[in-house]
Amino acid sequence: MAIMLQISCNFVTFILFFTCFCTFSSSSSLALNLSLPHQHPYPEHIVQEFHRRVNVSLWRRKTLSVKEKGQFTCVTGNPIDDCWKCDPNWAANRQQLADCAIGFGYKAIGGKGGPIYVVTDSSDPDPHQPKPGTLRDAVSQPGPVWIIFAADMLINLKSPLMVTSFKTIDGRGAHVEITGGGCISIEHVTNVIIHNINIHHCYPKNSDGDGLHIFSSSNVWVDHCTLSNCADGLIDCTVGSTAITISNNYFSHHDKVMLLGHSDDYPQDRGMQITVAFNRFGEALVQRMPRCRFGYFHVVNNDYTSWGEYAVGGSSRPTINSQGNRYIAPPNPNAKEVTKRLDAGGEEWAQWNWRTEGDLMVNGAYFVPSGDGVTPQFTLASSMQPQPAAYIDQLTNNAGILLPNGGAPAGIAGPGSRGSGFSIGGGLFPNGAGTVPGGMFSGGANAPPGDDGYYGGGDGGGLFFSNATPLPSYLISSIFSALIILTFYISTNDHFLLQFDS
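Basis of the calculations
Residues numbered from 1 in each chain as written. Predicted model: local features only at pLDDT ≥ 70, side-chain atom pairs only at ≥ 80, totals over all residues. Heavy atoms only, no water. Helix = DSSP H or I, 4+ residues; strand = E, 2+ residues; numbered from the N terminus. Buried < 20%, exposed > 50% of the residue type's maximum accessible area, 1.4 Å probe, protein only. Disulfide = S-S within 2.5 Å. Core = buried A, V, L, I, M, F, W, Y, C linked by side-chain atoms within 4.5 Å. Contact = heavy atoms within 4.5 Å. Phe/Tyr/Trp six-rings, centres within 6.5 Å; stacked < 30°, edge-to-face > 60°. Lys NZ or Arg CZ within 6 Å of the ring centre and 35° of its normal.

Colleague: Explain unusual backbone geometry residue by residue, including any values.
Modeller: Leaving glycine aside, a negative phi is the common case for residues, and trans is the common case for peptide bonds. The step from M289 to P290 runs through a cis peptide bond, and the omega angle for that step is 10°. Inspection of the secondary structure assignment puts P290 in the loop between β20 (285-287) and β21 (291-293). Look at N196: it is not a glycine, yet its phi comes out positive at around 65°. Mapped onto the secondary structure, N196 falls in the loop between β8 (190-195) and β9 (198-202). On the basis of relative accessible area, N196 is assigned to the buried category, the value being 1%.

Colleague: Outline the state of the cysteines, supporting the account with residue identities and numerical values.
Modeller: Per the stated rule, a full pass over the model turns up 2 disulfides. Between the sulfur atoms of C83 and its disulfide mate C100 the distance is 2.1 Å. On the sign convention where negative is left-handed, the bridge of C83 and C100, at about -75° about the S-S bond, is left-handed. With C83 in helix α3 (residues 79-84) and C100 in the loop between α3 and β1 (116-119), the pair connects residues that are 17 residues apart, well separated along the chain. Across a sulfur-sulfur distance of 1.6 Å, C183 and C202 are joined as a disulfide pair. Across the S-S bond linking C183 and C202, the dihedral sits near -85°, which makes this disulfide left-handed.

Colleague: Lay out the nonpolar core with the relevant residues and their values.
Modeller: L135, F149, I169, I186, F251, L260 and Y327 are the most contacted members of the largest nonpolar core, which has 63 residues in total. Contacts of I186, omitting those with residues within four sequence positions, involve V163, V192, I194, L212, H213, I214, F215, S217 and V220. Listed in part, the 25 residues of the second largest apolar core include A98, I102, V118 and L402.

Colleague: So what's going on with the environment of F104? Which residues, and what values?
Modeller: Position of F104 among the secondary structure elements: in the loop between α3 and β1. When neighbours within four sequence positions are excluded, F104 is seen to be in contact with P43, I46, A243, I244, T245, Q273, I274, T275, Y296 and H298.

Colleague: Lay out the packing of aromatic side chains with the relevant residues and their values.
Modeller: Applying the stated criterion to the full structure yields 9 aromatic pairs. Relative to F367, the ring of Y327 lies with its centre 6.5 Å away and its plane at 45°, an arrangement referred to as tilted. Here F367 lies in the loop between β29 (360-362) and α6 (376-379) and Y327 lies in strand β26 (residues 326-328), a separation of 40 residues in the sequence. In this pair, the class of Y327 matches that of F367, namely buried. What links up through ring pairs into an aromatic cluster is the set F251, F281, Y304, W307, Y327 and F367. The ring centre of W84 lies 4.5 Å from the NZ or CZ of R172, which sits over that ring.

Colleague: Explain the environment of I178 to me, and be specific about the residues and the numbers.
Modeller: One can find I178 in strand β6 (residues 176-180). Assessed through its relative accessible area of 0%, I178 is described here as buried. Through-space distance from the C-alpha of I178 to that of L227 is 9.8 Å; in sequence the pair is 49 residues apart. Each residue touching I178, except ones within four places of it in the same chain, is listed here: L135, I155, L157, C183, I184, I197, N198, I199, H200 and C202.

This is the structure:
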């Protein structure tokens, strides 16, 4: 009996030790591989879910019955637009938009759960002391805030607009233009949505002159914006930014369109993960659509109407997954290649994972793939096929800002067009024709924003696991050591918890 008990004790000891070792190994690996707090451990899961959402929207459009035929003009097959535009009372339910993001920025909730702030003043008199009713005052408010506009506006900024965490700038129902001495800056913050804003002619004034600069930030979604004619980039994402979706935008008249990654000397950007989807790259663009470094970039279902030098480029071993795009090469016979590797020789870049799948090459365009082919990181992504470029016109038809009162192909009504005023939470302001004073209006839920959304589970549950910061390796080592000591302690002859006489 004593011998059998000793064998059982040794077996239990082995099981405990093996379990501790496996836990330590997997946790340490996760801690070492995730270089940024909001980096997703399995990027191919995000890619797969993106394709599932697109497939569902396109299937719904195709299978509308005769009874539902009146909805056909609403249902586009674009899952982001179909999520909110088919609601005839979207102006009364503006914050539903926060549930519509897909791709790596799917958790960006912006100002969801916060009050509505109505911008009524287009001036920017003193950036250091924002005037109530202005956009600058709106973005500087504490906590979650959903920002809308009382009318069409041209906002000429005196300095970059510093957006704080948990903000949505929602330009639906108005034509809002932002220009001036530095435009929108999202620095060291999280959960920001920029929607339906025309950003142009941003020139340096204590800034780089980017149209939209995302710096060391996460959970950011830029949707249905029109960007052109800025001094530096139209959109730059740098210095450890991640969990970003750039969708349904229209880009034109610019040289360096989109930089994703700070520099070749900043390896922390290995954790950068960005989805570039449903955008239209229009006339007079030259390069960087995007130009990537280090991270994982899903470039999917975009329309490239031309380029001057190249469309998609990068350095420092980025992973680029190009799926279902339409690449129309320029007439220049020396600029037919879609891709460009920078600052690396052929032997080096041949190892970079750049993949093309379902892309449509027009006018002699060609994409040069590299890497190991269908590597493990692409296996799951390819298990659900991306929609081919044949759907590009349908998916990008409404790219750019949606003008009110039918100004766009599928324009949206102004928030006061029903004579009901502006929306807040699930209701309407009782102000008649929509004339309301500027400033913040409380109401609706003001609870701290959470992470639950379409993907389910929030932190710690569902398909997409947790976006919490991995435990530091020193803490994991301490826990591991404590478990080892405890294992040996309870398994000795003198201290084993289950002792029997033979």
